[in-house]
Amino acid sequence: MSAVTDNDLIEFVYREARLLDEQRFEEWLQLFADDGYYWMPLLHDQSDPVLQGSLMYEDKLLLQVRIERLSGQRTYSQHPRSRCHHLLQRPEILRDHPDANPAAGKYVVRTAFHYVEARGDEQSLYAGWTTHTLRETADGLRIQLKRVDLINCDAAFGNIQLFM
Amino acid sequence: MSNTGKYRNNPDAIRALVRDNEVHKDLFVSQEIFELEMEYLFSNAWVYVGHDSQVPNPGDYFTTTVGDQPVVMVRHTDNTVRVLHNRCSHKGTQVVTDMYGNTGRFFRCPYHAWTFKTDGSLLGVPLRKGYENTGFESTEAMKGMQPVGAVHNHRGFVFCRLNPQGMSFEEYFGDSMSTLDNMIDRSPEGKLEVVPGVLRYLHRCNWKMLVDNQSDTCHPMVAHESSAGTAVKVWEEAGSPTPKPMAVELFAPFVSPYEFFEKMGIRIWKNGHGHTGVSDSIHAAYSDIPGYWEAMERAYGEQRAREILGDVRHNTCYYPNIMVKGPIQTLRVFKPLAANLTLVESWAFRLVGAPDKLLERTLMYNRLINAPTSVVGHDDLEMYERAQRGLETRALEWVNVARLYDPAEKQGTNLVVNGTSEGLMRSQYRTWAQFMTSSMETAK
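Heads up: these notes are all about the structure in this document.

Rules used in this analysis
- Residues numbered from 1 in each chain as written.
- Chains lettered and ligands numbered in written order.
- Predicted model: local features only at pLDDT ≥ 70, side-chain atom pairs only at ≥ 80, totals over all residues.
- Heavy atoms only, no water.
- Pairing = 2+ DSSP bridges.
- Helix = DSSP H or I, 4+ residues; strand = E, 2+ residues; numbered from the N terminus.
- Axes fitted to C-alpha atoms, helices over the stretch in contact; angles between N-to-C directions.
- Contact = heavy atoms within 4.5 Å.
- Buried area = accessible area lost by both parts, 1.4 Å probe.
- Salt bridge = Lys/Arg side-chain N within 4 Å of Asp/Glu carboxyl O.
- Phe/Tyr/Trp six-rings, centres within 6.5 Å; stacked < 30°, edge-to-face > 60°.
- Buried < 20%, exposed > 50% of the residue type's maximum accessible area, 1.4 Å probe, protein only.
- Lys NZ or Arg CZ within 6 Å of the ring centre and 35° of its normal.

**A word on the sheet that holds strand S8 (residues 115–117) of chain B**
Residues and elements named next belong to chain B.
Next up, step 1: With antiparallel pairing, 3 strands are arranged side by side in an open sheet as S7-S8-S9. Unpaired on one side and paired on the other, strand S7 (106–108) and strand S9 (122–124) mark the two borders of the sheet. Taken over all neighbouring pairs, the strand axes of this sheet differ in orientation by 35° on average, direction set aside.
Next up, step 2: Examined bridge by bridge, S7 and S8 share 3 bridges and lie antiparallel to one another. When the sheet's bridge partners are listed, Phe107 is paired in S8 with Phe116.

This is the structure:
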């Protein structure tokens, strides 16, 4: 295995967002490790995704359900379809994060974002930061955990249908 | 505020909006009707405020709304839970705005430092001498942070009636407290705690569409085909791995056939309260959670424990605006914001003394079904918002609720009917008309 550079980690995060913006969801899902999770906390500084309420805490099976649902003929909340756009700040590698362990092929990257989701004539803006826990595998980097913290995670929202 | 509208002081016009088998679209789109609902329905009904585990210690408070009225639920120094209007009696300032806090022995208004005991009474006013010989003692300011009309704490669940006079708690709810009792009894210690964090979901539709939906058993297999149906399909395509993932177990019953829902039955109590899932429900076939049965049997004995866990009610509506799921320990509040805007709050409860796995299931259910990020929620909200837009047109005027109508249902209480009946909805609309008009004066 070749050494993972900072630039590899940064490029990974940019590419991940681009796959979502281009609606290449199947390719996006392949970026997750088989036991990977996508997590959107409901609380500020939340520590537990299982015994505290979350907006989303989904394994690959549930993410697959979402992706198949998005293209279903009878998915009426996608008539018309939603689109999304990520505006990312340069990802920052968190070397002191407790989950970071480059010797064992584990990296943590924090990326501030503005995310826009649009459907029909309406669009909503969300702001926050993503924390990627990435793991080096034989197939390249994979997502162990993608944690999405919104600055207003406890606010009242309408539908959020795509992925931040 | 419209004082010269079509419906104010015109009870006959309001009654005419509710027929035996259809209701008029003005219930959903008229802002005048909405304002009258706040004054007549939400002020005279017993409305859910919160759970007393949210305010465990004296001085602890929780801010919320009852209808359109901002209130604060607070633990008084005598350990009872009080509900006060969140308004300083001096200049009207909202006294507290955090959702949770501890105010100590008294509230202090941040504008002029007037203070109020946690029962609402006026405690102190700076420079009190300046009010001598001003007639201050007879002003409304003496009333302090005004308590709501009446408060009742049912085993931790706090309800209030805004108006001082009206129906008693017992008369209003009748036998319907059995669903909350069952949820509480599912804790081996008979005790629930609110889980921190509430899902807050904005719906651009009328609040009654959500109430209506709770006993609408003809929509899941249609509207949720895209979410629950896809979940089952994805799992089957993966070779139906066992044990069945918890998420699939929670999703799958949504796409049960019509016959399943017909047979499970609906119970209709009085005053718009009722529940789906009398003999069976979508919550009946969940996997056992290790250690739970043993804890229940130790606490209650085998027979009583079986009785408690065998009661698998689906959705229980407490009219006007909450829905409770006992077997899954969630409570949803449909907060009316405007004729076309509703805030849905989904709360989760921990069964004290039960294994953590139950809480894990409760929270998974809540985010899979009730979150703004939930695919099941997306299915439903799309339908409500389309319905709201449709009702705002000038095409037809009536919303149909005729399914399995039987004139005899108007007399009976505690009826059990076919699980696809719209009987509970009809009972809710009759209750609506009654509360809207019973204390309304007729214009001369």
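**Some words on the interface of chain A and chain B**
Next up, step 1: Opposite the 35 residues of chain A that make contact, chain B presents 41 residues.
Next up, step 2: Roughly 3,100 Å² is buried in total at the junction of chain A and chain B, and carbon and sulfur atoms are behind 60% of that figure.
Next up, step 3: Of all residues in chain A, Leu51, Leu61 and Arg69 of chain A bury the most surface against chain B, accounting for 19% of the area lost on that side.
Next up, step 4: Put simply, chain A and chain B have 5 salt bridges between them.

**Concerning the packing of aromatic side chains**
Next up, step 1: Evaluated as defined, the whole model comprises 30 aromatic pairs over all chains.
Next up, step 2: When the ring of Trp114 of chain B is compared with that of Tyr131 of chain B, the centres are 6.2 Å apart and the planes differ by 90°; the resulting orientation is edge-to-face. Within this pair, whereas Trp114 of chain B is found in the loop between S7 and S8, its partner Tyr131 of chain B is found in the loop between S9 and strand S10 (150–154), the two being separated by 17 residues in sequence.
Next up, step 3: Taking the relative accessible area as the measure of exposure, Trp114 of chain B reaches 2% and is therefore buried.
Next up, step 4: With a centroid separation of 5.5 Å and 50° between ring planes, the pair formed by Phe157 of chain B and Phe349 of chain B is classed as tilted. You can see Phe157 of chain B sitting in strand S11 (residues 157–161) and its partner Phe349 of chain B sitting in strand S19 (residues 341–351), a full 192 residues away along the chain.
Next up, step 5: An aromatic cluster of at least three residues, connected via ring pairs, comprises Trp46, Tyr48, Phe157, Phe159, Phe169, Tyr172, Phe173, Tyr318, Phe349 and Phe435 of chain B.
Next up, step 6: It is Arg147 of chain A that lies over the ring of Trp39 of chain A; its NZ or CZ is 4.5 Å from the centre.
Next up, step 7: Stacked on the ring of Phe28 of chain B, the Lys or Arg Lys208 of chain B has its end atom at 5.5 Å from the ring centre.

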